[in-house]
Amino acid sequence: MVMGVTDVDDKIIKRANEMNVSPASLANLYEEDFKQDMAALKVLPPTVYLRVTDNIPQIIAFIEGVIARGHAYCTAKGNVYFDLQSRGDKYGRLVGVAPGPVGEPAVDSDKRHPSDFALWKAVKPQEPAWASPWGNGRPGWHIECSTICRAAASQPGPVVLQVLRGQSCTGWCRLGPDSCSVRFCGTRGFSGTGHVAGEQKCHRPRCVTLDSVTLLFILVFGSHLDIHSGGIDLAFPHHENEIAQCEAFHQCRQWGNYFLHAGHLHVKGKEKMSKSLKNYITIKDFLRAASPDVFRLFCLRSGYRSAVDYGDGALLEAQRLLHAVAAFAEDARAYMRGQLAGGPVQEDALWESLGRTKGAVQEALADDFNTPGAVDAVMGLVHHGNRQLKAASEEPGGPRSPAVFGAIVSYVEQFFETVGVSLVDRQCAAGAGGPAVLHSVVEELVRFRLKVRQFALATGEASGEAQRQQLLERRPLLEACDALRRDLAAHGVSIKEQHVHVGATGPEDRRPQTRELRTREAQSALSPDKSFILKFPVVAV
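Residues numbered from 1 in each chain as written. Predicted model: local features only at pLDDT ≥ 70, side-chain atom pairs only at ≥ 80, totals over all residues. Heavy atoms only, no water.

1. Let's talk about helix H13 (residues 402–418)
Rule in force here: Only runs of H or I of at least four residues qualify as helices and only runs of E of at least two qualify as strands under DSSP, and these elements are numbered from the N terminus. Between the first and last residue of a helix there are one fewer steps than residues, each counted as 1.5 Å, and that sum is the expected span. Every residue pair with non-hydrogen atoms within 4.5 Å of one another is taken to be in contact.
With 17 residues, H13 should cover 24 Å at 1.5 Å per step; its first-to-last C-alpha distance of 24 Å lies within 8% of that length. Residues of H13 that are buried in the fold lie against helix H9 (292–300), helix H10 (312–336), helix H11 (347–366) and helix H12 (371–394). A positive backbone phi angle near 80 degrees is found at Gly420, which sits one or two residues after H13.

Written as structure tokens, this is what we have:
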């Protein structure tokens, strides 16, 4: 996966001039901020980032190739435009219509046709510029992605693959810190030699040295792209223009197989969230109130190409669903260990439900990544499992069915792990103690509370009035235990209590005791939006 970084364009230049900083420093600031936000949302980084300013020679060579093939022209002012007339009726296939002219301000006067778009823009005052065969200037917006995805016509990918793997082949040597030179020539394509034989220079003006990053793009993409993604607003004209450039350069019928266009976040059901409308919330502000897992589940509940309505209600629903899944997984594990009251369940029905869910999820994801359908299918399985656990708890005793719940929990956790949503995290305490220390502290607290309750409810050999008097005298201890449970709940610590039979000699638990700890949405120690779930016996008087 490759991500292109536009670090020079009209907006960046304008904003940098207003701030009296260089466009490069401003772009770098926002790039690093973007990367931090993506990491906070648990978005995996691409294999490599490619910046426009790092690939100017390659962009120039690509433009020369388009000109040589008769699809672009240079003007007297030093601008280079793509000639849309040369595309005939092929332009507009991505969006399904043939749009009208889309002009670019200020530089339209030297175009041959109003709809032609810029590949290279002549230098202007207070703008960064690079030397080119057409004079100083900078790339147009659409050309950068096409150049990133380009390939050479003369040497195919397998040769480059051998080089990148560090294997030797005829005429090539291993890529190392200073061991190999690989060049792209606008006239004859690739050439490569090693220092052992002495570097053979190419003196043609359109020859540029390619580093391993550029070779990686050539290796991965070649002259054909499998998947291209971006916001829905990029479908036209940006992606349409990319197709025109690449099919002209590579002289192919179809450059890309699939374009995935993501919908925008909307507020109030109609407005696009944007800085210009001042109706946005930053990712950093959002993560102060909710976890990245909540946001990811919130997004998964809408199709990727649909507009997503951002609001408190939808976020709370995502949080509720996440808690429900985590609670089911914990309860199912307790049932499997024999720590949750329960008897037989409809095992055949659960196995059948698991099989149907797997098929439904597969079918949904194969249908244009229908994540809402996949999530609904998994939630249906969770609800079915919960109903069976509840029914089993009402009729304790008899054979249990741990295997089917083990399979269900495994599949549910695997699904959410695949989409980057965590169900269970250990709570991390600040300082050197780490998660193990906090886990132990809470365990000890619950164990102490359990012993206090057991003492308060144990009546020994007493009976009748004496037993009632003992329970009355120890009632403050029970009230203190209840107060502790309520106080812990205020910090997100939820204690699930199981019933214990009061025998003649004290509380008798009919099931093994357990003090299982789970935390959800761990971000910082004991913050209000985190939760523990603890299970241990409590006496029902």
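2. Examining the nonpolar core
Formally: Note on terminology: a nonpolar core comprises buried Ala, Val, Leu, Ile, Met, Phe, Trp, Tyr and Cys residues joined through side-chain atoms within 4.5 Å. Only protein chains enter the calculation, and the probe is 1.4 Å; a residue is then buried if its accessible area is under 20% of its type maximum, exposed if over 50%, and partly exposed in between.
Judged by nonpolar contacts, the single largest core of 49 residues is most densely connected at Phe328, Phe405, Ile408, Val412, Phe415 and Phe416. Tallying contributions element by element places H10 first for this core, with 10 residues. Residue contacts for Phe416: discarding those within four places in its chain leaves Leu297, Val325, Val378, Val421 and Leu423. In this structure, Phe62, Ile63, Ala72 and Tyr91 belong to the second largest nonpolar core, which totals 28 residues.

3. Things to note about the sheet that holds strand S4 (residues 80–82)
Going by this rule: In this analysis, strands are considered paired if DSSP registers two or more bridges between them. Axis lines are fitted through C-alpha atoms, for helices just across the contact stretch, and the angle between N-to-C directions can take any value from 0 to 180 degrees.
Within the open sheet, the four strands sit side by side as S3-S4-S5-S6. Their pairing is antiparallel. At either margin of the open sheet sits one strand with a lone partner, and together these are strand S3 (72–74) and strand S6 (137–139). Taking the axes of each pair of neighbouring strands and ignoring which way they run, one obtains an average angle of 20 degrees across the sheet. Pairing between S4 and strand S5 (residues 117–122): three bridges, direction antiparallel. Directly across from Phe82, in S5, lies its bridge partner Phe117. Relative to the sheet, helix H3 (residues 56–68) contacts S3, S4, S5 and S6, its axis offset from that of S5 by approximately 125 degrees.

4. Here's the deal with the environment of Lys124
Summarising the element assignment, Lys124 is placed in the loop between S5 and S6. Among the residues examined, Lys124 registers a relative accessible area of 34% and is labelled partly exposed. C-alpha of Lys124 to C-alpha of Asn136: the two residues are 12 residues apart in sequence and 9.2 Å apart in space.

5. Some details on the side chain of Asp293
Note the cut-off: Polar contacts here mean pairs of N or O atoms no more than 3.5 Å apart (in protein, one a potential hydrogen donor and the other a potential acceptor; neighbouring residues in sequence count only if both atoms are side-chain atoms).
One can find Asp293 in helix H9. Given the relative accessible area of 4%, Asp293 is considered buried. Reaching out from Asp293, the side chain makes a polar contact with the side chain of Lys42 at a distance of 2.4 Å.

6. Section: unusual backbone geometry
The omega torsion of the bond from Phe236 to Pro237 falls at 5 degrees, within 30 degrees of zero and hence cis. The phi dihedral of Asp368 is positive, around 60 degrees, even though this residue is not glycine. With respect to the helices and strands, the residue Asp368 is situated in the loop between H11 and H12.

7. Some points on the sheet that holds strand S14 (residues 308–310)
Across the sheet, which stays open at both edges, the three strands sit in the order S13-S12-S14 with mixed pairing between neighbours. The sheet is open, and its two borders are formed by strand S13 (271–272) and S14, each paired with just one other strand.

8. What about the pattern of salt bridges?
Just so we agree on the cut-off: By convention in these notes, a salt bridge is any Lys or Arg side-chain nitrogen within 4 Å of a carboxyl oxygen on Asp or Glu.
Inspection of the entire model under this criterion finds 25 salt bridges. In this structure, Asp285 and Arg288 form a salt bridge, with 2.2 Å as the shortest nitrogen-oxygen distance. The exposure class assigned to Asp285 is partly exposed, which follows from its relative accessible area of 38%. Here the residues in one salt-bridge network are Glu31, Glu32, Lys35, Arg51 and Asp54, joined through shared partners.

9. Quick notes on the packing of aromatic side chains
Centre-to-centre distance and the angle between the planes together describe a pair of aromatic rings. Note the threshold: Each aromatic pair joins two rings of Phe, Tyr and Trp (for Trp, the six-membered one) with centres within 6.5 Å, and gets the label stacked for planes under 30 degrees apart, edge-to-face for over 60, and tilted for any other angle. Ring-over charges, as used throughout, are those where CZ of Arg or NZ of Lys falls within 6 Å of the ring centre and within 35 degrees of the ring normal.
Overall, the coordinates contain 13 aromatic pairs when judged by the stated rule. Centre to centre, the rings of Phe295 and Phe298 are 6.0 Å apart; their planes meet at 40 degrees, and the pair counts as tilted. Of the two residues, Phe295 and Phe298 both sit in helix H9, three residues apart, roughly one turn of that helix. Among the aromatic residues, ring-to-ring pairing joins Phe286, Phe295, Phe298 and Tyr310 into one connected group. Above the ring of Tyr49, the side-chain terminus of Lys35 is found at 4.2 Å from the ring centroid.

10. Points about the confidence of the model for the protein
Applicable threshold: Values of pLDDT, ranging from 0 to 100, describe the predictor's confidence in every residue of the model.
Across the protein, the average pLDDT comes to 77, with 71% of residues at 70 or higher. By mean pLDDT, the top-scoring element of the protein is S3 (98), and the lowest-scoring one is helix H5 (residues 157–164) (34). Low pLDDT (under 50) marks residues 426–433, which in the prediction has 23 contacts with non-local residues, meaning those over four places away or in another chain.

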